[in-house]
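Structural characterization, general
This is what each chain is made of:
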Amino acid sequence: MRCSLILFLFLAVFFLRPSGYAQQEKLVIHVVEQEYAGALPGAHVMDNTGKTVATSDSSGYIILPVDIFAVKGYLLVTKDGFKTDTLRSLQSVVFLSRLTVSLPPTTISGATVSRLFQIQSEYVVDYGFAEDYILAAIYSGNNGGKAKLFLLDIWGKEIARCNLPDEPESLYKSCVGNYYVVCKNQFFPIIIKNDRPELGVPYDIKFLRGLQQCELMVKGNQYYRIGDKTNFRTVYGMIAAGDSVFRPFASFEEPEVARASFIEMIEILSLYEHYQFREAARRAKLRRMWDNGTLSHINMPLFAKGDTLLVFDYSNKEIDFYSLSGDATGNTPIRFEWKQSQQFRIIKDELQNRIYIHRFGNQGSQTLEEMDVNTGSTKGVRYIIDRPFVSNVYIRNGLIYFLWQDQSKPSTQQLWVQKINGVLN
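Residues numbered from 1 in each chain as written. Predicted model: local features only at pLDDT ≥ 70, side-chain atom pairs only at ≥ 80, totals over all residues. Heavy atoms only, no water.

Observations concerning the overall build of the protein chain
- Looking only at helices and strands, one finds six helices and 33 strands in the protein chain.
- Within the protein chain, the fraction of its 425 residues that count as buried is 40%.
- Once local pairs closer than 6 in sequence are excluded, the contacts in the protein chain between residues at least 24 apart make up 44%. (Helix = DSSP H or I, 4+ residues; strand = E, 2+ residues; numbered from the N terminus. Buried < 20%, exposed > 50% of the residue type's maximum accessible area, 1.4 Å probe, protein only. Contact = heavy atoms within 4.5 Å.)

Shown next as structure tokens:
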């Protein structure tokens, strides 16, 4: 009788204990991004019925029962924006690849393009946006003898104009929003008064470079990008609103390249001294190309998105984030294509607060891709600019503006506009 009671109690404890008591051993799987080896939180593990059985934590770890493969056969690991992986046995690490990396971008073309400036005899040198106006520096006649500055509305209709004393080379907008027309030896402030453009007292051209060091202004703070071509160094810094002290907050430099460039220059000078002009010219051209390629990687423009400053760091392949006070707040890996031979620029649609990559490696077919600065990747759609060999590309309020000259017939360079995704109204 006593033995029967003991057996009964043993069986009761065995069958009434919580389900899964014998499965105390667990599997730990780490879900990691394939391209950059970063942990992936929020990845889901689903069984063969599509039911979620586990989700990775903030560090990318998933805990599973030890016998789950014997019970389920296989598992699927999924996360939005990544390729799904199939598990048929234990793996301590699961690597997921981004869809934006593994899939080619969709290409959109065939958009409607319209010529914005309507005087075909005029050659458009440069243009810019001043609030609700478009400024266009233009000349006609031999050697720019009839240079003008036009004020246009957003549809290209002329509002007013004024004559320029010299052929314009470009327009420049300072970090505080003032416009200047740049000529060979001087540059003129542009004053818009009563919907009419006027020129202020000119400055000597030697002061322009110093003015251009200020990259942008946000909430009264002025932010600078100061490049040193000799020493291959770029410093980003700021002058806070109401202050007069310059405070650097980021810098990039290539000292080894600087030394190699200096040695190359000495060798080129030696070739000139020994009358080897052809070889010296060839070496000088290669040196200039090499130097410019290196400088383009450490002298990227500074951008602001909301209350965050963005600095593109080629050496570490990342986008660095800073607060408006210049304090580092984090970074994200660069996931868009950035080759050693840089053939792109980053431009911003100020009105829509969007950032794009403008690629011009193929001059005959230039493209634009919107970038997600939070992930460091593009959004998977590539827009073709619908004219070949364009220049001065800008995006404003979802419209692509550019200069283009039709080489197939006698024509002048004109200002054109294209809707980035769809048909112009």
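Side note on the sheet that holds strand E32 (residues 399-404)
- If you walk across this open sheet you meet the four strands as E9-E33-E32-E31, and the pairing is antiparallel. Strand pairing shows two members of the sheet lacking a second neighbour, strand E9 (113-115) and strand E31 (391-396), which therefore form its edges. Ignoring strand direction, the axes of neighbouring strands in this sheet form an average angle of 25°.
- Pairing of E9 with strand E33 (residues 414-419) involves three bridges; the strand directions are antiparallel. Bridge pairing in E33 links Arg 115 to Trp 416. (Pairing = 2+ DSSP bridges. Axes fitted to C-alpha atoms, helices over the stretch in contact; angles between N-to-C directions.)

Here's the deal with the environment of Leu 164
- The topology assignment puts Leu 164 in the loop between strand E13 (158-163) and strand E14 (170-173).
- Looking at Leu 164, the relative accessible area reads 9%, which means it is buried.
- Each C-alpha atom of the pair Leu 164 and Tyr 139 lies 8.9 Å from the other, and the pair is 25 residues apart in sequence.
- Those residues in contact with Leu 164 that sit more than four places away from it in its chain are Ala 147, Lys 148, Leu 149, Val 181 and Leu 199.

Quick word on helix H5 (residues 255-273)
- Its 19 residues place the ends of H5 27 Å apart at the C-alpha level, agreeing with the 27 Å of an ideal helix rising 1.5 Å per residue.
- Val 257, Ala 258, Ser 261, Glu 264, Ile 268 and Leu 271 are the residues of H5 that are buried. Seen along its axis, H5 keeps its buried residues to an arc of 135°; they face one direction. Exposed side of H5, more than 90 degrees from the buried face: Glu 256, Arg 259, Phe 262 and Glu 273 are the residues found there. (Expected span 1.5 Å × (residues − 1). Arc of directions from axis to C-beta.)

Focus: the state of the cysteines
- Counting across every chain of the model gives one disulfide.
- Between the sulfur atoms of Cys 175 and its disulfide mate Cys 214 the distance is 2.1 Å. Across the S-S bond of Cys 175 and Cys 214 the torsion is about 95°, and the bridge reads as right-handed. Residue Cys 175 is found in the loop between E14 and strand E15 (179-182), and its partner Cys 214 is found in strand E19 (residues 214-218); the two are separated by 39 residues along the sequence. For the residue pair Cys 175 and Cys 214, the accessibility class agrees, reading buried in each case. (Disulfide = S-S within 2.5 Å.)

Details of the pattern of salt bridges
- All chains considered together, the criterion is met by 16 salt bridges.
- The closest approach of N and O atoms between Arg 283 and Glu 279, which form a salt bridge, is 4.0 Å. Here the residue Arg 283 and the residue Glu 279 both occupy positions in helix H6 (residues 277-298), the gap between them amounting to four residues, near one helical turn.
- For Glu 279, a relative accessible area of 27% translates into the label partly exposed. (Salt bridge = Lys/Arg side-chain N within 4 Å of Asp/Glu carboxyl O.)

Digging into the sheet that holds strand E21 (residues 233-239)
- Strand order in this open sheet of four strands is E19-E20-E21-E22, and the pairing throughout is antiparallel. Every interior strand has two partners, whereas the edge strands, E19 and strand E22 (246-253), have only one. Neighbouring strand axes in the sheet, compared pairwise and without regard to direction, differ in orientation by 20° on average.
- Alignment of strand E20 (residues 221-228) against E21, held across seven bridges, turns out to be antiparallel. The partner of Gln 222 across the bridge, within E21, is Ile 239.

Re a nonpolar patch on the surface
- A surface patch of nonpolar side chains, amounting to about 830 Å² of accessible area, comprises Phe 262, Ile 263, Met 265, Ile 266, Leu 269, Tyr 272, Tyr 275 and Phe 277.
- By residue number, the principal contributor to the nonpolar patch is H5, which donates six residues.
- When you line up the elements, Leu 269 lands in helix H5.
- A relative accessible area of 44% means that Leu 269 is categorised as partly exposed. (Patch = residues over 30% accessible without salt bridge, like charges linked within 9 Å, V, L, I, M, F, W, Y side chains within 5 Å. Areas by Shrake-Rupley, 256 points an atom, 1.4 Å probe, with all protein chains shown as cover.)

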